[in-house]
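Summary of the model geometry
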Amino acid sequence: MIWEQTTITLSPHPRGFHLVTDEVLRQGPELSGCKVGLLHLFIQHTSASLCLSENADPDVRGDLERHFNVMVPENAPHYEHVTEGPDDMPAHVKNVLLGSSLSIPVSNGHPALGTWQGICLCEHRDRAGARRIVATLQGRE
Amino acid sequence: MIWEQTTITLSPHPRGFHLVTDEVLRQGPELSGCKVGLLHLFIQHTSASLCLSENADPDVRGDLERHFNVMVPENAPHYEHVTEGPDDMPAHVKNVLLGSSLSIPVSNGHPALGTWQGICLCEHRDRAGARRIVATLQGRE
Amino acid sequence: MIWEQTTITLSPHPRGFHLVTDEVLRQGPELSGCKVGLLHLFIQHTSASLCLSENADPDVRGDLERHFNVMVPENAPHYEHVTEGPDDMPAHVKNVLLGSSLSIPVSNGHPALGTWQGICLCEHRDRAGARRIVATLQGRE
């Protein structure tokens, strides 16, 4: 049985959706010995998220950022949590919409992603620091 | 210890939310020998999603489709990824909102769903093909 | 190998987002013997959800409730599932947006939550009863 856990640090990214598949798989637990398993990725923050999305056309990631800014605008009149800047409360809303974790099947030593699926860091803050992801691999050899 | 993985193929569905509990459990790993575990379902696409929702009144699934079409309209002026049709970019947004995977507890050989919970395929494209789900069962006997 | 499963009952909460980290960890499986693992929390309902969000300022949870009420209003003209009250169909939409489960890494006997992350019960109904969560712990000693 395999149980491995590592902490991945992603360097600061500008606000928006970013493809980080290679970086996450490089820093995460070694998958090659895992025949059947699951890779769990958990971001330890409340204003950045993880999602899977289209990995080819960067316009998709731009459109995601633009659409989330329409659905969750800054300076909405009903926000009371406003002391940390206009990008802060929208960041918390986007985070609960997108979620803090991903769980990806592992098959024969590889993540069983679809052809067009990539791992995205969704950075909701204007000026964020590095982001921490706890990566847990479990499975059988 | 149990680790089983199968690939489920769902035949093409029209755009909308569809109850697929029986079909998924029929094609997925056999649960009967699993005393405590988790069934992980992972759709390998970026324009169709999985969710759990009400399994009784089909109007709920119609309302979900209608409401997502309001929150994520076609032809929004901020979309730049438009070459694959007006239903394509909304499909990617809906997919990140709903997510690509479900993880369902297994108890005494059965999925521990609530009385009203069913597994839904959320098909976001107008003319989609078959959809592939990787189903991973882990647990103890 | 550890596989433990318990059912957590949360007493009725008013509509809104509620911090329940302590209550969930108190009622859930004992984490102290788990060196590396995952704690899976699954709410068996279609009109209440679980999420991780900011654990310090209660205004964040108020803003989340207010913002979801804007994104998913009562009495929208496209709702057809209306017989169970104006808060019912919005509850189902909020549930699929937020999701029914959380999966939290466990490290050295503790949940590996970030400093500001707390477990929230998102109660979408005006007058809900108690809510049931199936908590599954897996990992190694």
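Heads up: these notes are all about the structure in this document. Bear in mind that the values here come from a model prediction, so they are computed numbers and not experimental data. (Residues numbered from 1 in each chain as written. Chains lettered and ligands numbered in written order. Predicted model: local features only at pLDDT ≥ 70, side-chain atom pairs only at ≥ 80, totals over all residues. Heavy atoms only, no water.)

A short note on the packing of aromatic side chains
Residues and elements named next belong to chain A.
- Summed over the entire model, instances satisfying the criterion amount to three aromatic pairs over all chains.
- For the pair F17 and F68, a centre-to-centre distance of 5.7 Å together with 40° between the ring planes defines the contact as tilted. Separated by 51 residues along the polypeptide, F17 in strand β2 (residues 16-19) and F68 in helix α2 (residues 58-71) bring together distant segments of the chain.
- On the accessibility criterion, F17 (8% relative accessible area) is buried. (Phe/Tyr/Trp six-rings, centres within 6.5 Å; stacked < 30°, edge-to-face > 60°. Helix = DSSP H or I, 4+ residues; strand = E, 2+ residues; numbered from the N terminus. Buried < 20%, exposed > 50% of the residue type's maximum accessible area, 1.4 Å probe, protein only.)

A short note on the relation of the copies chain B and chain C
- You can overlay chain B on chain C at an RMSD of 0.0 Å; the transform is a turn of 120° with a shift of 0.0 Å along its axis. Given the turn and translation reported, the copies of this chain are related as if by a three-fold rotation axis. Taking the C-alpha atom as reference, chain B places B:L97 closest to the rotation axis, 3.5 Å from it.
- An asymmetric contact is evident, with only 12% of the interface residues of chain B recurring at the interface of chain C. (Least-squares fit on C-alpha atoms with pLDDT ≥ 70 in both. Contact = heavy atoms within 4.5 Å.)

Concerning the pairing of strand β7 (residues 117-123) of chain C
Residue and element names in this part refer to chain C.
- Among the seven residues that make up β7, seven are buried, leaving the element largely enclosed by the rest of the structure.
- Going residue by residue along β7, you find Q117, I119, L121 and E123 tucked away on one face and G118, C120 and C122 tucked away on the opposite face as well.
- Relative to β7, strand β2 (residues 16-19) runs antiparallel, the two sharing four bridges. Bridge pairing in β7 links G16 to E123.
- One ladder, built from seven bridges, connects strand β4 (residues 48-54) with β7; its direction is antiparallel. Its bridge partner lying in β7, S49 is registered against C122. (Pairing = 2+ DSSP bridges.)

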